[in-house]
Amino acid sequence: MKGIVSVGRWGKILLAGGLVVTVLGVSVVFTTAQTGKAPEAPKAQMPGKASPEDLAAGKAIYFRKCVWCHGPEGAGDGPAADRLWPRPRNFTQGTFKIRHTASGELPLLDDLFLTVTNGLPGSAMPSWEGILSDKQRHQVVEFVRTELVKDRDFTDKENETFTPISFGKQVATSKESIERGREVYMNKGKCVECHGPDARGDGNATQKDEWGFPIRPADLHKCWNFRGNRRDPYNPTNIFREVSTGLNGTPMPSFAEALSSDQRWDVANFVISLCPKKNIDPLTTKPNNDFVIKATFVKGELPTSPDDAVWKDVSAAYVGLGSQIMHKPRNFVRLVDDVWVRSLYNDKQVMYLLEWDDRTKSLGTPEAVAQTADFKETPPAGEPIAMRQYPVFNDAVAIQFPSHWETLSAPEKPRFVFGDAKNSVDVWKWEADGSTKLYTGQGFDKLEVRAGDSVKTPFVGFKDGVWRVMFTRTLTTDDKEHDVQFTTGKYIPTSFFVWDGNNGDHGLKMSISTWYYTILLPPVPKKAYIYPVFAAIFVIGLQFWMVSKFKKGSKK
Amino acid sequence: MKLMKAVGNGKRGWSLVILGVMAALLLLPVVVALAPATSLAADEAPAQVQKGKDVYFKTEGIVSGPPAPQTTAKDYPSYDLPYPLSESRVIVWTIAQQHLYFGSFVLAVPIFCMIIELVGIMSKDRTVGKRYDDLAHDFVRISLTAYSVTAILGGLLLFTFITLYPVFFTYLTSLFKPFMHIYALLFLAESGTLYIYYYGWDRMNDGGFLKWIHATLGILLNVFGSTLMMLANSWSSFMMSPAGVDEKGQYLGNLVHLLHNALWNPLNVHRIIGNMVFGGGIVVAYAAYKFLSAKTEQEKAYYDWMGYIAMFLAVASLIPLPFAGYWLMREVYAYRQQMGITLMGGLLAWLFIIQAVLIGALFFTVNYYLFNGMGRMRGSEPYRKYIKYILFLTTAAFLVWLTPHTLVMRAAELKAIGGQQHPVIGNFGVMSAKNGAVNTMLMTTIISFILYQRSNKIIAVPWAAWGNAAMIGMFAVALVNNWWLAIMGYFIPANIRVGLSVPQVVGTLTCLFVGLAINTAMMRGAKLTGPIEWGKISVRSQYGLFALGVSFTWLMALMGYIRSSVRLFWHAMEVFRDNSPWAFTHAIGFAANVMSFNVLIFWIFTLFVFWLGEFSSHKTVPSMVDERQPVGLGRPVVAGGSK
Amino acid sequence: MGKIWIPGMMPIELLLILATTFFVFVGVGWLLKTQNRSIPKFGQAILIWLTAFVILKFVLYPPIPSALMKTYMGLITLVLFLLVSADEESWTDFKRPILKTLAGETPGYRGVRTITLVALPLLAGMGTYNNIVPKFEEPIELRTVHPAPPAAVKVHDLKGGDKTFTLQTAQNPFRVDEDGQYSRDVQQKHVNDNPFDPNASKYMQYVREGGAIFFQNCHFCHGDNLDGRGMFAFAFNPIPANFSDPGTIAQLQETFVFWRVSKGGPGLPREGFPWASAMPPWEQHLTTDEMWKAILFEYWHTGFYPRTWD
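Residues numbered from 1 in each chain as written. Chains lettered and ligands numbered in written order. Predicted model: local features only at pLDDT ≥ 70, side-chain atom pairs only at ≥ 80, totals over all residues. Heavy atoms only, no water.

Student: I keep staring at the overall build of chain A and nothing clicks. Help me out?
Tutor: Each helix and strand counted, chain A has 10 helices and 18 strands in total. Structurally, chain A occupies a C-alpha span of about 95 × 90 × 50 Å along its principal axes. Taking all 556 residues of chain A together, the buried fraction comes to 53%. Taking contacts inside chain A between residues at least 6 apart in sequence as the whole, the part at least 24 apart equals 66%. Split by element, the accessible area of chain A, about 25,200 Å² in all, is 56% carbon and sulfur. In chain A, the 71 positive side-chain charges and the 65 negative ones have mean positions that sit 11 Å from each other. (Helix = DSSP H or I, 4+ residues; strand = E, 2+ residues; numbered from the N terminus. Buried < 20%, exposed > 50% of the residue type's maximum accessible area, 1.4 Å probe, protein only. Contact = heavy atoms within 4.5 Å. Areas by Shrake-Rupley, 256 points an atom, 1.4 Å probe, with all protein chains shown as cover. Lys, Arg positive; Asp, Glu negative; His and termini not counted. Charge placed at Lys NZ, Arg CZ, Asp CG, Glu CD.)

Here's what the structure looks like:
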């Protein structure tokens, strides 16, 4: 007898599968709250008084998690503040950058909540989602706005207004919109004045914020560093919001009056289009590092310019840079936080093309050289690092390899900054004064220049806030003692250092990367084409044998 | 009076004499051990007394031996062979491993023989008794060839030490020479006993007095064997936790201190139990081998049964093994904390992941064997539907169990996860989760066994419903308690957390003993739905049994390597430094390869031994038709298989 | 297939999802059985395998490393084999479609057979090619996170002189009660206190000092929430330790942490990759007291207790 509903076998399988998917789907819906991202400003409401319970709970959280940077009085002067750049927010005046409200207004409580939730990428402020519950984040916001914002009152109906921006009708991104956005950026919006002609934040590098601390216009090619990106860097909504509200306390004004909403959307689309598309690591809100630098083989001569067509087919590896905070002088502020690396090789030479953003082209001054003695000690705690004035040194970049990677048994390497006593490194360093020098490193303090001119820099250029430097060297050299030797198809540890002369970078005050690998991509081996054929033939044979055996067996 | 009469009988008289001599030999080590201590006291010359402090016992003693040599690379000869063999260490490692394999097999089998022979003697049913007796006899026969292989490998190991580690070996012998002599004597005694035990089997099988003498010989054999092993253990435990010497490695004249170093006893216990597990594993593999190569139904039936019994013995000995291991680990931590950390969290921690996988494989194999075993019983059908639940629980527990604390991953994967610990499954890597997981696996295995026991029976006791309810309740409480404590473990300080494993283990053991007791009681008077059709088990299950044996071998290689390499660059921990060119710890991949190679070699040897055993096989194997069971119920098990 | 990852999933949640799915399968099987139908074993096995794959690949978040994924799926494959071959009946059922395909009983089966016979060699060829053709992903490197510490550590004190600490016996000199006596319970007592309270207890004053030291020196890598996600963390490999994970300081003795802090990356044994760790030997920058205070703070802030041996 058949059942009530007659379904075929596949129907049953589908039914079972459907049930599983339903269960999974339901659990997903229940556990994820991040859905729907239509641009819509939160409702503006005059907040009421915070409840005493929330204040007490918020205070406990503040004094456990926040006080270390923002200080016991909320003046942005906690124990960590002096060594931070950007400096932690001073809450006292109620000046907040990331808002939905008009320029000069206090933020909505939702704005503060979102800031605590998502953190401020590119600064020390982390995302507190998953660490503090929704309720706890609300409580700490209540505490901050009630107790620590002293000069203004969120509940003062007479003096405070909350006018949320209007998102208008979003203009979808398109070639035309981006082109219109560029036009506004260059002319009507005057964005170019601060953010620079190529939008790398190099227009005016000497600005100050309301408290007198130096502040730099954002490098618009690094959307993952935008403070207000809400961990969603490729979403133009955040740019639209900031263009519309301006950033209180900074020279960034509101463009709500000057530009129509469509124009602001065009600018937002344009800004997003500048940002290279990378997978963003949700934990650090930075692009994932590309740990392997793949050098492509070129027949004939290597290019002499970074604009050569051959580079177009070579993908650039993203190399994140941290600060050298391990050895005196510890560098707490590094202004170059990444470098893009491409590599090529031919039968004689290997070539690297390094590109990094730097707002200023710096050449060392005699004054700076005279002050190098100061560069042995770590800046003391208690002196705001953000205020520190440095003499100007040379911009510089270096590539580092183990001198003898081929004799080290994996995964051993020299120490990643200038090697160690046991394993030395070969460092190629170029400086903005035009010199290219070779160094042998055996430790932080043991980086010694050595004679040799095997490494060349066939192209060096600075334009609109980008340095581009090409290094070449022959694959092998005669000085096997000091020079790294390149072999096809091997993982050769490689790391990078960048110095921003305008930031006083010099010697050990620099940006550093961890170990990466260079691999000179070998041609696909012939066996990769032969073996599969054998494997297939073997399987065919096996099949015939099985089928024939089976047939014999079933005949019995 | 019976005894007097027996003595009068010539054959019996001789057997008593033999027993007496054996017992006297047993006292020999005590005498020899005490002798040098007294003589040293007499020789004490007050003029040039140099005193030293015992590194472990902290007692003062008179320096009466040379200090540990300061070796250089020249003190370590090596053969001019291609790479891995050019390292003397690898040669010693391989030979020692093979010696230990065969040695532990040879030591374990007499323990089983002793038990099975006694079971046979005690059996009321003579057919069953005879069957057990034949089984025990079979076991000794397998071990006899292995015994000579052990001796040969022992000699080989000795020569290897003398030629490749001369300085180290001289030092060790200078300390342990009295024990080495005793060792040799005991070895003789062991050999003698073994031969009498084996060759006298049929002659002494009179079903009365002589049989008891024979059984006593079996016990004696085990006493000799265990003492032998304990002596040898003292050498390796001395290397890990020296005692009886001062910090320069000078002997202080106290033999007991030398022997009774910190890790000696934990190692003894761990090794005896481990040997039984391992020996069981080999016999299991033997039975599977014979089953697969059996030509008649009767042979199949017999070897199926043998495999079952051996599997049962191996698993029964496996249960206390973790506790012995726990004790050993505790003592290692107590002796030197960093040694414990090197083992569990440091350099060697990766190997524990392999261990986890192998242990999980054991659980799966046992369960799988039991499931398949139900196939040879009529009436097992209602129980088959539980298989999926058992497998699911075991799998979920195993997922937790094998998830390592520190994951193997690429730098990019590491970045994506945000740390060496994965925020979700990384939590499975810590002790709390592991305890929960392993106890769950133990409990599912117990459940499998209970179902297996019930498979061909219809419960007849009137309190069946109560019994079932009690059992379900007990298992439910134990499981929930186990999981609850596993979760709790994350929220409390480590020193309290360590204590949580006690209630977890107690729960599991209660399930094991009480559960099996209730179940056995419930089976009383049960109606059989059919006999166990020995020999009808699937071929797959026998491959499973073979895998069980191989897992044990692998585990032993692994754990032995871990125990041994925890000394890092010391011959004797902190007393005698290893200055050979290969004093570094091997890369994990290399070590794993050598271990696998050792396992392979051992199995080739073992299969050879099994094959040799064919030539001296019994003419007929005992019948597996149980007279107590009504034959008419099922098909006749063995065609024409009555005696 | 889109990703249906569940961020912030708890370990128990994963097990519950697996259990729910399992019971859904059992339920479906039972429902079908009441109508005298069943999914053939072969189909069941494939369905279970795929479901497990979907959960581990697309539901579990963050994604697990490929090596572990392979291990998990290997295990599930094995268990499925055990399941279908646990008794003779289901084993026969499982083999039936395979045997029928081999025999080519009906035109349908013959079609499947032809497809299989063509597809398998192609798959084998592709698999071989994939295995041989070089991939150039970065090599997998096994790093031991908590290597064995030395028995004792000699630490340079910036205040002058060297001090030797025996790891098994040394104690944090600032884990003290009001009388200045070492106390195990003092952290528990003050776990919710405010370190900036003017009337803070002695222990809480040390916590505040330790917090200042941590935030002036360590948080750049170890992060504001001590979770290893500081500003510079993204650039380093290995990434900084996450103290809020129950697998790090919660598993370690305070003296172990002190050893790691004082000797830093270069003080690691080879298996800890001393060449790659960005952790400086803090004895060069901080006094021993400052290091102990920072450690005190780390335990207080995370709410974990140092491991003890008893």
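Let us keep going from here.
Student: Even after reading the chapter, I still don't get the overall build of chain C, so can you show me in this structure?
Tutor: Looking only at helices and strands, one finds 10 helices and 2 strands in chain C. Ordering the α and β elements of chain C from the N terminus gives α-α-α-α-α-β-β-α-α-α-α-α. The globule rule puts the C-alpha radius of gyration for 310 residues at 19 Å, and the 28 Å found for chain C is more than 25% above it. Looking at the 310 residues of chain C, the share that counts as buried comes to 56%. Of all intrachain contacts in chain C linking residues separated by at least 6 positions in sequence, the fraction that spans at least 24 positions is 57%. Put simply, chain C shows about 13,300 Å² of open surface, and 60% of that area lies on carbon and sulfur atoms. Separation of charge centres in chain C, based on 27 positive and 28 negative side chains, amounts to 11 Å. (Rg over C-alpha atoms; globule rule 2.2 N^0.38 Å.)

Student: For this particular structure, what's the right way to read the state of the cysteines?
Tutor: In a disulfide, the sulfur atoms of two cysteines are covalently bonded to one another. Residues and elements named next belong to chain A. All told, the structure shown has 1 disulfide over all chains when counted by the stated rule. Covalently, Cys 223 is tied to Cys 275 through a disulfide, its sulfur atoms 2.1 Å apart. Between Cys 223 and Cys 275, the S-S dihedral sits near -70°, and the bridge is therefore left-handed. Here Cys 223 is found in the loop between β2 (214-215) and α7 (236-245), whereas its partner Cys 275 is found in the loop between α8 (261-274) and β3 (280-281), with 52 residues between them in sequence. A relative accessible area of 0% means that Cys 223 is categorised as buried. (Disulfide = S-S within 2.5 Å.)

Student: I keep staring at the packing of helix α15 (residues 387-402) of chain B against helix α17 (residues 431-454) of chain B and nothing clicks. Help me out?
Tutor: Residue and element names in this part refer to chain B. Between α15 and α17, the shortest axis-to-axis distance is 8 Å and the interhelical angle comes to 155°. The angle between α15 and α17 places the two elements in the roughly antiparallel class. Crossing of α15 against α17: the hand is left-handed. Residues Ile 390, Leu 393, Thr 394, Ala 397, Phe 398, Val 400, Trp 401 and Leu 402 of α15 pack against Ala 433, Lys 434, Ala 437, Val 438, Thr 440, Met 441, Thr 444, Ile 447, Ser 448 and Leu 451 of α17. Residue classes in the contact of α15 with α17 are distributed as 13 nonpolar, 4 polar and 1 charged. (Axes fitted to C-alpha atoms, helices over the stretch in contact; angles between N-to-C directions. Parallel < 35°, antiparallel > 145°, perpendicular 65-115°, else oblique. Left-handed = near helix turned anticlockwise from the far one by under 90°. Nonpolar A, V, L, I, M, F, W, Y, C, P; charged D, E, K, R; others polar.)

Student: What exactly am I supposed to notice about the interface of chain C and chain A here?
Tutor: By a widespread convention, an interface's size corresponds to the accessible area lost as its parts come together. Between chain C and chain A, the contact holds 84 residues from the first and 92 residues from the second. Surface buried jointly by chain C and chain A totals about 7,500 Å² across both partners, of which 69% is contributed by carbon and sulfur atoms. Across the chain C-chain A interface, the total number found is 1 salt bridge. Of the charged contacts, one joins Glu 412 of chain A and Arg 270 of chain C as a salt bridge, the two residues approaching to 3.1 Å between their closest N and O atoms. Connecting chain C to chain A are 18 residue pairs in polar contact (both at pLDDT 80 or more). Within the residue set of the side of chain C that touches chain A, elements represented by two or more residues are α1 (11-34), α2 (41-59), α4 (88-103), α5 (107-132), α7 (202-217), α8 (219-222) and α10 (288-302) of chain C. Ranked by residues supplied to the side of chain C that touches chain A, first place goes to α5 of chain C with 10 residues. (Buried area = accessible area lost by both parts, 1.4 Å probe. Salt bridge = Lys/Arg side-chain N within 4 Å of Asp/Glu carboxyl O. Polar contact = N/O pair within 3.5 Å; in protein donor to acceptor, adjacent residues only side chain to side chain.)

Student: Hey, could you run me through the interface of chain C and chain B in this one?
Tutor: At the interface, 68 residues of chain C touch 60 residues of chain B. Together chain C and chain B conceal approximately 5,800 Å² of surface at their shared face, both sides included; 67% is due to carbon and sulfur atoms. Put simply, chain C and chain B have 2 salt bridges between them. Here Arg 384 of chain B ties to Glu 89 of chain C by a salt bridge, and the two come within 3.9 Å at their closest N and O atoms. Summed over the shared surface of chain C and chain B, the result is 4 residue pairs in polar contact (both at pLDDT 80 or more). Those elements giving two or more residues to the side of chain C that touches chain B turn out to be α1, α3 (66-84) and α4 of chain C. No other element matches the 10 residues that α3 of chain C contributes to the side of chain C that touches chain B.

Student: Would you mind going over the packing of aromatic side chains with me for this structure?
Tutor: Two numbers describe a pair of aromatic rings. These are the distance of the centres and the angle of the planes. All told, the structure shown has 92 aromatic pairs over all chains when counted by the stated rule. When the centroid spacing of 4.1 Å and the interplanar angle of 5° are considered together, the rings of Phe 258 of chain C and Trp 292 of chain C count as stacked. Separated by 34 residues along the polypeptide, Phe 258 of chain C in helix α9 (residues 254-263) and Trp 292 of chain C in helix α10 bring together distant segments of the chain. Each member of the pair, Phe 258 of chain C as well as Trp 292 of chain C, carries the same accessibility label: buried. Members of the aromatic cluster, joined through ring pairs, are Tyr 62, Phe 63, Trp 68 and Phe 143 of chain A together with Phe 196, Phe 214, Phe 215, Phe 297 and Trp 300 of chain C. (Phe/Tyr/Trp six-rings, centres within 6.5 Å; stacked < 30°, edge-to-face > 60°.)

Student: I tried to follow the side chain of Arg 89 of chain A on my own but got confused; where do I start?
Tutor: Residue and element names in this part refer to chain A. Inspection of the secondary structure assignment puts Arg 89 in the loop between α2 (52-70) and α3 (109-118). Here Arg 89 sits buried without a salt bridge, and the closest side chain of opposite charge, Asp 209, lies 5.5 Å off (N-O distance). Engagement of the side chain of Arg 89 in a polar contact is seen with the backbone oxygen of Thr 95, the distance being 3.1 Å. Apart from residues no more than four positions distant in its own chain, Arg 89 is found in contact with His 70, Gly 74, Ala 75, Gly 76, Thr 95, Phe 96, Lys 97, Trp 211 and Asn 248.

Student: Teacher, can you tell me more about the pairing of strand β11 (residues 425-431) of chain A here?
Tutor: Residues and elements named next belong to chain A. The element β11 is extensively covered by neighbouring structure, given that 7 of its 7 residues are classed as buried. Neither face of β11 is left uncovered, since the one carrying Val 425, Val 427, Lys 429 and Glu 431 and the one carrying Asp 426, Trp 428 and Trp 430 both have all their residues buried. Pairing geometry for strand β10 (residues 396-402) and β11, over 7 bridges, is antiparallel. Looking at β11, one finds that Pro 402 is bridged to Val 425. The sheet contact formed by β11 and strand β12 (residues 436-441) spans 6 bridges and is antiparallel. Its bridge partner being in β12, Val 427 is matched across the sheet by Tyr 439. Between the antiparallel neighbours β11 and β12 lie 4 residues, among them Gly 434 with a positive phi of about 95°. (Pairing = 2+ DSSP bridges.)

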